[in-house]
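Each chain, letter by letter, is given below.
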Amino acid sequence: MALVDLDFVRSIYEVHNSAGDDFPELLARDLTHADVEFVEFASAPGAATHRGRDAVAALFRGRFEAGAMRVEDLELTALDERRALAAFRICMLGKGSGADTSMRLWNLVTVDGSRRVVRIEEFSEEAAALAAARR
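The structure presented is a predicted model; accordingly, all values stated were derived computationally and were not measured.

**A word on the overall build of the protein chain**
Alright, step 1. A tally of regular secondary structure across the protein chain gives four helices and six strands.
Alright, step 2. Listing each helix as α and each strand as β along the protein chain from the N terminus yields α-α-β-β-α-β-β-β-β-α.
Alright, step 3. Taking the principal axes of the C-alpha coordinates as reference, the protein chain spans close to 50 × 30 × 25 Å.
Alright, step 4. Expressed as a percentage of the 135 residues in the protein chain, the buried residues total 44%.
Alright, step 5. The contacts in the protein chain between residues at least 6 apart in sequence include a share of 50% that link residues at least 24 apart.
Alright, step 6. In the structure as shown, the protein chain presents an accessible area of about 7,100 Å², 50% of it carried by carbon and sulfur atoms.

**So, the packing of helix α2 (residues 23–31) against helix α3 (residues 53–66)**
Alright, step 1. It is the contact of α2 with α3, at a shortest axis distance of 8 Å, that shows an interaxial angle of 160°. By the angle between their directions, the pair α2 and α3 is classed as roughly antiparallel. Regarding α2 and α3, the two cross each other, and that crossing is right-handed. Here Phe-23, Pro-24, Glu-25, Leu-27 and Ala-28 of α2 lie close against α3, whose contacting residues are Arg-53, Val-56, Ala-57, Phe-60, Arg-61 and Phe-64.
Alright, step 2. Of the residues belonging to the contact of α2 with α3, the class tally is eight nonpolar, no polar and three charged.

**Some points on the nonpolar core**
As a rule of thumb, soluble globular proteins bury nonpolar side chains together.
Alright, step 1. Of all hydrophobic cores here, the largest spans 29 residues; its most connected members are Tyr-13, Phe-60 and Val-117.
Alright, step 2. Those elements that place two or more of their residues in this core are α1 (6–19), α2, β1 (32–39), α3, β3 (67–78), β4 (83–94), β5 (100–111) and β6 (117–123).
Alright, step 3. Sorting elements by how many residues they give to this core places α1 first, with five residues.

**Some words on α2**
Alright, step 1. Inspection of α2 places Phe-23, Pro-24, Leu-27, Ala-28 and Leu-31 among the buried residues, and these make up the whole buried set. Down the axis of α2, the buried side of the element spans an arc of 135°, and every buried residue falls inside it.
Alright, step 2. The inward-facing, buried residues of α2 abut α1, β1, α3 and β6.

**Describing the packing of aromatic side chains**
Alright, step 1. Inspection of every chain in the model, using the stated rule, returns four aromatic pairs.
Alright, step 2. Judged by centre distance (6.1 Å) and plane angle (45°), the rings of Phe-23 and Phe-64 are tilted. Of the two residues, Phe-23 is situated in helix α2 and Phe-64 in helix α3; the sequence distance between them amounts to 41 residues. Side by side, Phe-23 and Phe-64 carry an identical accessibility label, which is buried.
Alright, step 3. Ring plane angle 85° and centroid distance 5.3 Å describe the contact between Phe-38 and Phe-60, whose orientation is recorded as edge-to-face. Highlighted residues: Phe-38 in strand β1 and Phe-60 in helix α3, separated in sequence by 22 residues.
Alright, step 4. Judged by relative accessible area, Phe-38 falls into the buried class, the value being 3%.
Alright, step 5. In this structure Phe-60 comes out as buried when scored by relative accessible area, which is 9%.
Alright, step 6. Feature note: the residues Phe-23, Phe-38, Phe-60 and Phe-64 constitute an aromatic cluster, connected by ring pairs.
Alright, step 7. For the cation-ring pair, Arg-63 lies above Phe-60, with the distance from its terminal atom to the ring centre recorded as 5.4 Å.

Reading the values: rules and limits
Residues numbered from 1 in each chain as written. Predicted model: local features only at pLDDT ≥ 70, side-chain atom pairs only at ≥ 80, totals over all residues. Heavy atoms only, no water. Helix = DSSP H or I, 4+ residues; strand = E, 2+ residues; numbered from the N terminus. Buried < 20%, exposed > 50% of the residue type's maximum accessible area, 1.4 Å probe, protein only. Contact = heavy atoms within 4.5 Å. Areas by Shrake-Rupley, 256 points an atom, 1.4 Å probe, with all protein chains shown as cover. Axes fitted to C-alpha atoms, helices over the stretch in contact; angles between N-to-C directions. Parallel < 35°, antiparallel > 145°, perpendicular 65-115°, else oblique. Left-handed = near helix turned anticlockwise from the far one by under 90°. Nonpolar A, V, L, I, M, F, W, Y, C, P; charged D, E, K, R; others polar. Core = buried A, V, L, I, M, F, W, Y, C linked by side-chain atoms within 4.5 Å. Arc of directions from axis to C-beta. Phe/Tyr/Trp six-rings, centres within 6.5 Å; stacked < 30°, edge-to-face > 60°. Lys NZ or Arg CZ within 6 Å of the ring centre and 35° of its normal.

Printed below as a string of structure tokens:
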């Protein structure tokens, strides 16, 4: 069994860091399946599941409107032929406040055979991310 292409998964986070405010559109156009789902971490304000490219792009537009974001300390683990677990620190500089914040997050990333993301589940707690990865 071949494992998920970690270079492709890594490229998503590299595009996030290099594209800035253009990331939502690049994500929707180049990296996601038409029926993509993004599940926000449970403690996120107004946490929801966003379905479809437009909805996922809108979520990230809102996040980038709040401030500049950068993924740091990315660690990827291949789980099977379609899934990878990404652990990273998201660092943000608030646009209005200038506050510099960061938090540790985990993404359970599922891709299809055409190198498109079909689902991302976001976690703010490692135990929940690892439990989801074992399912």
